[in-house]
Amino acid sequence: MPASESREVADKLGTYQAFAQCSHDDLLALAKAGSRFSVPAGWSFVQEGIPSDAVYVITEGTAKVYQDRAVIATLGEGDVVGEMTLLAGGQRRATVSSVTPVRGLRIENDVLTELLGKRPQLREALDAVYKAHQADG
């Protein structure tokens, strides 16, 4: 991702509650580690029961979370998807499907794991998201 685009993404990440305690440098590192993703409406970009490959931060659009084919949550701008399997291991615990076109940041698990080892505030942010998702479902 070009430097100007990384700064733009980092600025946007800084407006989300999930990353409120992170420094701009942390968010810039996260933006540089990831790539933009875009899916059309009606697209499942996370599949229940398969191994995890990436974590997503939604920057535009709406998605629904399904577990055993039942809707358990609705996601939108600023929501993080996929951190549970990254942090706890195992397979994906839910399917996430776009209701509207969805855009955001996609960070490969191996790259993110390395980054979290160097950036404790980012690690704390994802741990907090993980704990909130556990409490919700």
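Okay, so let's go over this structure.

Calculation criteria
Residues numbered from 1 in each chain as written. Predicted model: local features only at pLDDT ≥ 70, side-chain atom pairs only at ≥ 80, totals over all residues. Heavy atoms only, no water. Helix = DSSP H or I, 4+ residues; strand = E, 2+ residues; numbered from the N terminus. Rg over C-alpha atoms; globule rule 2.2 N^0.38 Å. Buried < 20%, exposed > 50% of the residue type's maximum accessible area, 1.4 Å probe, protein only. Areas by Shrake-Rupley, 256 points an atom, 1.4 Å probe, with all protein chains shown as cover. Lys, Arg positive; Asp, Glu negative; His and termini not counted. Charge placed at Lys NZ, Arg CZ, Asp CG, Glu CD. Pairing = 2+ DSSP bridges. Contact = heavy atoms within 4.5 Å. Axes fitted to C-alpha atoms, helices over the stretch in contact; angles between N-to-C directions. Salt bridge = Lys/Arg side-chain N within 4 Å of Asp/Glu carboxyl O.

This paragraph deals with the overall build of the protein chain. Check the secondary structure of the protein chain and you find 5 helices and 8 strands. Its helices and strands taken in sequence order, the protein chain reads α-α-β-β-β-β-β-β-α-β-β-α-α from the N to the C terminus. Computed over its C-alpha atoms, the radius of gyration of the protein chain comes to 14 Å, within 12% of the 14 Å expected for a compact globule of 137 residues. Along the three orthogonal principal directions, the C-alpha set of the protein chain runs to about 40 × 30 × 25 Å. Residues classed as buried in the protein chain amount to 41% of the 137 residues present. Surface accessibility of the protein chain: about 7200 Å² in total, with carbon and sulfur atoms responsible for 48%. Averaged over its 14 positive side-chain charges, the protein chain has a centre that lies 2 Å from the centre of its 18 negative ones.

Turning our attention to the sheet that holds strand S1 (residues 35–39). If you trace the 4 strands from one edge of the open sheet to the other, you get S1-S8-S3-S6, paired in antiparallel fashion. Among the strands making up the open sheet, the edge pair consists of S1 and strand S6 (80–81). Against the sheet, helix H4 (residues 109–118) engages strand S3 (54–60) and strand S8 (102–108), with an angle of about 70 degrees to S8.

The antiparallel open sheet is built from 4 strands, whose spatial order is S2-S7-S4-S5. Each end of this open sheet is capped by a strand with a single partner; those strands are strand S2 (44–46) and strand S5 (70–75). Adjacent strand axes in the sheet meet at a mean angle of 30 degrees, parallel and antiparallel pairs treated alike. Alignment of strand S4 (residues 63–67) against strand S7 (residues 95–98), held across 4 bridges, turns out to be antiparallel. Counterpart to valine 65 in the pairing with S7 is valine 96.

Turning our attention to the pattern of salt bridges. If the charged atoms of two oppositely charged side chains come close together, the side chains can form a pair. Summed over the entire model, instances satisfying the criterion amount to 9 salt bridges. Two residues, arginine 36 and glutamate 8, come together in a salt bridge whose shortest N-O distance is 3.4 Å. In this pair, arginine 36 is assigned in strand S1 and glutamate 8 in helix H1 (residues 3–13), connecting sequence segments 28 residues apart. Taking the relative accessible area as the measure of exposure, arginine 36 reaches 40% and is therefore partly exposed. Glutamate 108 is the partner of arginine 106 in a salt bridge, and the nearest nitrogen-oxygen pair spans 2.3 Å. Residue arginine 106 is classed as buried on the basis of its relative accessible area, which comes to 19%. Through salt bridges with shared partners, a single network forms among Asp53, Arg92, Arg106 and Glu108.

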